[in-house]
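In case you want the letters, here they are:
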Amino acid sequence: MREITHRDIRAAGRRFHIAEAGTGPLVLLLHGFPELWYSWRHQLTGLAEAGFHAVAPDMRGYGGSERPAGVEEYTIHHLVGDVVGLIGALGAERAVVVGHDWGSQVAWHTALMRPDLVRGVAGLSIPYRPRSGLPPLPAMRRALGEGFYMLHFQRPGVAEEELMRDVPQSFRRILAGTSADAPAIDPVVPDGGGFLDLYPEPGELPGWLTEEDIAVYARAFSETGFTGGLNWYRNLAANWELTAPLNRARVQVPALYLAGERDFVIQGTDHDLLGTELRRWVPRLRDPILLPGCGHWVQQERPDDVTAALAAFASSLD
């Protein structure tokens, strides 16, 4: 097994903490909310064994990486700029860019904005969706009401205060609550309630998640807080404005989509039509992979399957 090593590097004018393993073509692994490089612990070693230089940064606002104070410093342009800077700082001309959850959004947009740097893109959990015709926040309010969790996150300090009250317990509820065995969630915060009310108290942790895993996340977020990650959500309106030049743009690089069949992100979606719809906007998409009995945290719930799929995809590229 290849060893995971850690260091800080400068990229896009910022300091980033990275975890890495192996040598060879670069595979950059981008986490989502509320996560860290640690979410990719299984893939780092597995991709290294497959002959790749696998790198998982703590993203802007997270863990050991810089956490700019201003909300406006977390737009999609900043996040894509970080990926572009990381590819250069790691000495690569191009990379396979893989993202999960919010990291998928950054991966897809990196492929859109800088296809010259992207050998292939893989999105886990969140499929590529073209820019909507309407501003997102009013559309969310009309469809789901003010309690929709992404709207709830717009209020500075509110979600932070709730999540920081008991950080280990916050992670137990969030990670277990969107795992494969958890009941389907309604993503609307109840009146007078909080974000964690969406997730029942777990009787026990799912088999893929240990108390040691919880402790890793809890230690990091107890030090940094949650504001950096929440600021990604607080740029939804700004991102819609900034991506006007990408309206109806297509992802033109080779692409992979992989998710758990029980992921709340695609609940209510016709899985048989998912690939067809995706190919309208991602014409070089490989056959989507939907893992049965798997929830939102796909690369942690089914590490061997995800590592094998990513290694096969990266190995197939020019």
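The following refers to the structure shown.

Rules behind the numbers
Residues numbered from 1 in each chain as written. Predicted model: local features only at pLDDT ≥ 70, side-chain atom pairs only at ≥ 80, totals over all residues. Heavy atoms only, no water. Buried < 20%, exposed > 50% of the residue type's maximum accessible area, 1.4 Å probe, protein only. Helix = DSSP H or I, 4+ residues; strand = E, 2+ residues; numbered from the N terminus. Pairing = 2+ DSSP bridges. Axes fitted to C-alpha atoms, helices over the stretch in contact; angles between N-to-C directions. Contact = heavy atoms within 4.5 Å. Arc of directions from axis to C-beta. Polar contact = N/O pair within 3.5 Å; in protein donor to acceptor, adjacent residues only side chain to side chain. Phe/Tyr/Trp six-rings, centres within 6.5 Å; stacked < 30°, edge-to-face > 60°.

## Looking at the pairing of strand β2 (residues 14-21)
Thought 1: Of all eight residues that make up β2, seven are buried, and the element is covered over most of its length.
Thought 2: Counted along the chain from strand β1 (residues 5-11) to the antiparallel partner β2, the turn is two residues long, and its residue Ala 12 has a positive phi close to 55 degrees.

## Considerations on the sheet that holds β2
Thought 1: The eight strands are arranged β1-β2-β4-β3-β5-β6-β7-β8 in an open sheet whose pairing can be described as mixed. Taken across any chain shown, the strands that pair with only one partner, and hence form the sheet edges, are β1 and β8 (289-291). Pairs of neighbouring strands in the sheet enclose a mean axial angle of 25 degrees, with direction left out of account.
Thought 2: Bridge count between strand β5 (residues 95-100) and strand β6 (residues 118-124): six bridges; the pairing is parallel. Residue pairing in the sheet places Gly 99 in a bridge with Gly 123 of β6.
Thought 3: In the packing of helix α1 (residues 41-49) onto the sheet, contacts are made with β2, β3 (26-30) and β4 (53-57), and the angle to β4 comes to roughly 165 degrees.

## A closer look at helix α11 (residues 271-281)
Two residues of an α-helix separated by three or four positions point the same way, owing to the 3.6 residues in each turn.
Thought 1: Along α11, the positions that sit buried rather than exposed are Leu 274, Gly 275, Leu 278 and Trp 281. Angular distribution of buried residues about the axis of α11 spans 125 degrees; they occupy a single face of the element.
Thought 2: Against the buried residues of α11 lie β7 (255-260) and β8.
Thought 3: N-cap assignment for α11: the residue whose side-chain oxygen lies 2.9 Å from the backbone N of Asp 272 is Asp 270.

## Regarding the packing of aromatic side chains
Thought 1: Here the structure, examined in full by the defined rule, presents 20 aromatic pairs.
Thought 2: When the centroid spacing of 5.8 Å and the interplanar angle of 65 degrees are considered together, the rings of Phe 33 and Phe 153 count as edge-to-face. Taken together, the residues span a long stretch of sequence, with Phe 33 in the loop between β3 and α1 and Phe 153 in the loop between α5 (149-152) and α6 (158-164) at a distance of 120 residues. Just as Phe 33 is buried, Phe 153 falls in that class too.

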